[in-house]
Every structure is written in structure tokens, then in C-alpha cells.
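Summary of structural features
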Amino acid sequence: MSMIETNLDVLIIGGGPASLSAALYLGRARRRALVVDAGGPRHAPSAGVHNFLTREGVTPAGFRELAWADLQEFPTLSRVEARVVEMSHDGTRWSARTESGATLSARAVLLAVGVVDVHPDIPGYAERWAKSIHHCPFCHGWEVRDRPVAMVGKGDYARHMAPMLKNWTDDVIVLSHGEPFDEDTQKVLDALKVPFYASPIVGLEGEDGTLETILLQNGTRLARQGLFVKPGQRQHDLIHALGLPLKGDPLPCVEVDAMQRTSLPLLWAAGDCTTGFQQVLEAAASGARAAASIIMTLTFSTD
Ligand SMILES: Cc1cc2nc3c(=O)[nH]c(=O)nc-3n(C[C@H](O)[C@H](O)[C@H](O)COP(=O)(O)OP(=O)(O)OC[C@H]3O[C@@H](n4cnc5c(N)ncnc54)[C@H](O)[C@@H]3O)c2cc1C
């Protein structure tokens, strides 16, 4: 791939809701912006996006297609499928190098790269992720309402998520996958009448991504139709390579100001990489804030 575009105002890295919302603002403001996206969004295996008003249940791919259909009207916008592997700032402009060797250059950059999920090692997990295994009850609690569900976790997380799941179903159990339950957690779960099992999960059964039975190492078989987990998360390598300050726990988020500006010159970040409240609507809102800030900054910048 050769040089694609050198005369850009803004390079938007990532092509999810944070990116596309920013693109809409930038296109309507007649700014030359390029969306560079590696594809494969993390919610791709999910059947539908929930809690985005007017778009309830649209597929993740369908959501992006609808966004791009809206963006067609604005001639200063373009997109390319590529992964940015390196970025540098020469004091005036940002340069970004893609995996295939192209160099892109822009006055400002918006990082909207999302995060990387790090999944637990549970047999049968991969084929059920985002089908019958979920991480967010706001996103998928409704789909398992009144059904028997389990959650994997212990300590603070079990004490938080078990009562949360009771919003959607009374039939909740907690599995700690081989970790002991502390006394406090046992008391809380007993009071909630939530059974708990420490024995490790050794298998999940059910056809075509569904869940019917959870098998524990001690021979217990649990009839369950949904499993809630808390995957670990990490930032993309690009974020680390830039040396951006991170803060927060468990996911260290990129530090941004109220308008999504990072500590590096003319570099903004939006969406999941900047927040623990990882939702499509929130990502779109933060992309909008970043774009507004970029437009104002470029307007008054003399560089
Ligand atoms: C299984 C699942 C189900 C979910 N369901 C819901 C739901 O129902 N409702 C809801 O509100 N939220 C849901 N979420 C959360 C939601 O998907 C995220 O909050 C949202 O997609 C974040 O948007 P984003 O733009 O920050 O990042 P993403 O949507 O993750 O997009 C980031 C993009 O950046 C690209 N990228 C990464 N690095 C680079 C690079 N170096 N160069 C170029 N491109 C790069 C990626 O390939 C990706 O396409 C779900 C999440 C998961 C995992």
C-alpha cells in the first residue's frame, strides 16, 4: 500500500461507534478526515446491540453500516481498512504507519481503538462467548430474564454482580472456578439465597453456542442457560507505544480531559479505551465530544 492521503485534518484510528460519531461531526464541519480501521470489533459475535435508542437489537455490523450510510453525504470523509502500528509527531503533524507500510499524515489524531478482552480459560467458553456467555447484564440481562443463570466470580465482584443479576432473574448461582469464597461473600450470598460452588468448571454443554449444563470438577452438573463473566482487559499496543498516561483499575484507561484530549499534542482519545463505562452510546458520545474539541482546536490553531 502506498501513501493514501497526506492532506488530512484528522486521522481517526478505529472504526467503531466512537470513531463514526466523531466522523459525523467532522464531516458536517467540512473537515478532511480519514477513518483507519483494522476491523473485527470486539462485540462482533454478539447478535445485537442493545441500549442505543432508536437502534435496539441492530447487529454490530449493521450498526456500522447504518453509520457509514449516513456519512456518505459528506465528501471530506474517507475510510481505509488497515491497522496502525506506529505513530509519531514532528511538532506540527502526526504521522501514522500502517502494518502494510502506508504512511498517513494529519494535523490531529483521534484514537478510537477500543480495548482488548482477555478471556478466562474455561473449556467450551470460546464458542459460547457473546451467545450464551455474557459480561454485561445491561447489554444482555434482558435476553436471559427469568432463566437459570450462573456467574463466575468471587469477593467484591460476586457481592456486586449476584444482586445485580437478580434484576433480571431470581435463579442465580455463583461459581468461583476453583477459588475459595471468603466469609463475607458467603454471608451475603446466603442472605440472597444464591447458591455458590467453588469447584472448578471443567465443561460447558449445549448445542450451537447455547448453554444447557455446566460441569464442575467435583461431578456437579448445573442446568443453566446463561453465564456471566468478567473478562480481563488490556489496552492496545498502540496506546502503550505512545506512552500515554493511564489511570484506573481494573482497566487502566487513557487519561483524557473533559473534551477527550490526551496529554500529547493534538491527540484525542474516545470510546472504550478511555472509560470503564463501555457502552455504544457512551462511546458515540465521547467521540462527539472529541470531534467538537478537535474542530475548535484546529479552527484557532495557527500551525
Ligand atoms: C460481546 C459484547 C457485547 C456488547 N454488547 C453491547 C450492547 O449490547 N450495548 C452496548 O451499548 N455495548 C455493548 N458492548 C460494548 C460495546 O461494544 C463497546 O462499548 C463499543 O463498541 C466501544 O466502541 P469503541 O468505538 O470505543 O471501540 P470498538 O467498537 O471496539 O471499535 C474499535 C475499533 O478499532 C479498531 N482498531 C484497534 N486498534 C487499531 C489500530 N491499531 N489501527 C486501526 N484500527 C484499530 C478495532 O479493530 C475496532 O474495529 C458489547 C461488548 C462486547 C464485547
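Residues numbered from 1 in each chain as written. Predicted model: local features only at pLDDT ≥ 70, side-chain atom pairs only at ≥ 80, totals over all residues. Heavy atoms only, no water.

In the annotation of an unreviewed UniProt entry, the entry for the chain reads NAD(P)/FAD-dependent oxidoreductase, and the organism field reads Lujinxingia sediminis.

A closer look at the overall build of the chain
In terms of helices and strands, the chain carries seven helices and 19 strands. By the burial criterion, 50% of the 303 residues in the chain qualify as buried. When contacts within the chain are restricted to residue pairs at least 6 apart in sequence, long-range pairs at least 24 apart make up 59% of them. Total accessible area computed for the chain in this model is approximately 14,500 Å², and 51% of it derives from carbon and sulfur atoms. Charge separation in the chain, taken as the distance between the mean sites of 28 positive and 35 negative side-chain charges, equals 4 Å. (Helix = DSSP H or I, 4+ residues; strand = E, 2+ residues; numbered from the N terminus. Buried < 20%, exposed > 50% of the residue type's maximum accessible area, 1.4 Å probe, protein only. Contact = heavy atoms within 4.5 Å. Areas by Shrake-Rupley, 256 points an atom, 1.4 Å probe, with all protein chains shown as cover. Lys, Arg positive; Asp, Glu negative; His and termini not counted. Charge placed at Lys NZ, Arg CZ, Asp CG, Glu CD.)

Topic: the site of the ligand
As a matter of local geometry, the ligand sits amid 37 residues, with Asp37, Gly39, His50, Asp272 and Val280 nearest to it. One of the backbone N or O atoms of His50 is found 2.8 Å from a nitrogen atom in the ligand. Contact between the ligand and Asp272: an oxygen atom at 2.8 Å from a side-chain N or O atom of the residue. In the complex, 98% of the free accessible area of the ligand, which totals 1,000 Å², lies under the protein chains. (Near = heavy atom within 4 Å. Polar contact = N/O pair within 3.5 Å; in protein donor to acceptor, adjacent residues only side chain to side chain.)

What to know about unusual backbone geometry
Trans peptide bonds make up most of the peptide bonds, and negative phi angles are found at most residues other than glycine. Unusually for a residue other than glycine, Asn51 sits at a positive phi of about 75°. In this fold, Asn51 is placed in the loop between β2 (33–37) and α2 (60–71). Residue classification places Asn51 among the partly exposed positions, given a relative accessible area of 39%. In the Ramachandran plot, Asp146 falls in the positive-phi region, its phi being about 60° despite a non-glycine side chain. Within the element layout of this structure, Asp146 appears in the loop between α3 (137–140) and β9 (149–152). Of the residues examined, Asp146 reaches a relative accessible area of 68% and is grouped as exposed.

Side note on the domain arrangement of the chain
In terms of domain boundaries, the chain breaks down into domain 1 (8–117 + 232–300) and domain 2 (120–228). For domain 1 versus domain 2, the separation of C-alpha centres amounts to 33 Å. Contact with domain 1, which involves nine residues of that partner, is made by eight residues of domain 2. Of the roughly 650 Å² buried between domain 1 and domain 2, counting both surfaces, carbon and sulfur atoms make up 48%. Of all residues in domain 1, Pro45, His50 and Gln279 give up the largest surface area on contact with domain 2, accounting jointly for 53% of the area buried on that side. Our count for the contact surface shared by domain 1 and domain 2 stands at zero salt bridges. On inspection of domain 1 and its partner domain 2, the count reaches two residue pairs in polar contact (both at pLDDT 80 or more). (Domains from an automatic or database assignment. Buried area = accessible area lost by both parts, 1.4 Å probe. Salt bridge = Lys/Arg side-chain N within 4 Å of Asp/Glu carboxyl O.)

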